[in-house]
Amino acid sequence: MGVPLTKYCSTPGCTTKIRVNYKYCKVCADDRRNQKGWGTEAEMRFLDGLGTWNPERPAMDRTRLLKGYYEGVMNRKRWGQIDGQKVLDRVRGELGL
Ligand SMILES: [Zn+2]
């Protein structure tokens, strides 16, 4: 018994149940990233910050995270307003690919 630790996604009309510590379900979270306000510049800022939160070994973490990011976005089909080619070119450049 007890209160279930789930609630509905915050997107109006979405009836996906999610854990209470999340605001949106995975699909809606991705959609929001692809909508207005998250374009190429925001993606670049995200890349700028990648790995910078660990001051002890930022370079090592950054390379590892960039590689993970790169492998992930290679299969990304929905770029929304993001210029995917530009983002990939930048990551390839940084990784020396
Ligand atoms: Zn949702």
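Up top you'll find the structure we're talking about.
Residues numbered from 1 in each chain as written. Predicted model: local features only at pLDDT ≥ 70, side-chain atom pairs only at ≥ 80, totals over all residues.

Section: the overall build of the protein
Inference 1: A count of helices and strands for the protein gives four helices and two strands.
Inference 2: Beginning at the N terminus, the succession of helices and strands in the protein can be written as β-β-α-α-α-α.
Inference 3: Taking all 97 residues of the protein together, 3% fall into the buried category.
Inference 4: Long-range contacts, defined as pairs at least 24 residues apart, comprise 34% of the intrachain contacts of the protein with a sequence gap of at least 6. (Helix = DSSP H or I, 4+ residues; strand = E, 2+ residues; numbered from the N terminus. Buried ≥ 20, exposed ≤ 12 C-beta atoms within 10 Å, placed from the backbone. Contact = placed C-beta atoms within 7 Å.)

Quick look at the environment of K7
Inference 1: With respect to the secondary-structure elements, K7 resides in strand β1 (residues 6-8).
Inference 2: Exposure remark for K7: the 13 C-beta atoms within 10 Å place this residue in the partly exposed category.
Inference 3: Setting aside anything within four residues of it in sequence, one finds K7 in contact with I18 and V20.

Comments concerning helix α4 (residues 84-95)
Structurally, the α-helix is built with 3.6 residues per turn, so residues lying three or four positions apart point the same way.
Inference 1: With twelve residues, α4 should cover 16 Å at 1.5 Å per step; its first-to-last C-alpha distance of 16 Å lies within 8% of that length.
Inference 2: Sparse coverage of α4 is indicated by the burial of one of its twelve residues.
Inference 3: The positive-phi residue at the C-terminal boundary of α4 is G96, with phi of around 70 degrees. (Expected span 1.5 Å × (residues − 1).)

Description of the environment of D61
Inference 1: Positionally, D61 belongs in helix α3 (residues 58-73).
Inference 2: Take D61: there are 15 C-beta atoms within 10 Å of it, and that puts it in the partly exposed class.
Inference 3: Residues D61 and L50, spaced eleven residues apart in sequence, show a C-alpha to C-alpha distance of 8.4 Å.

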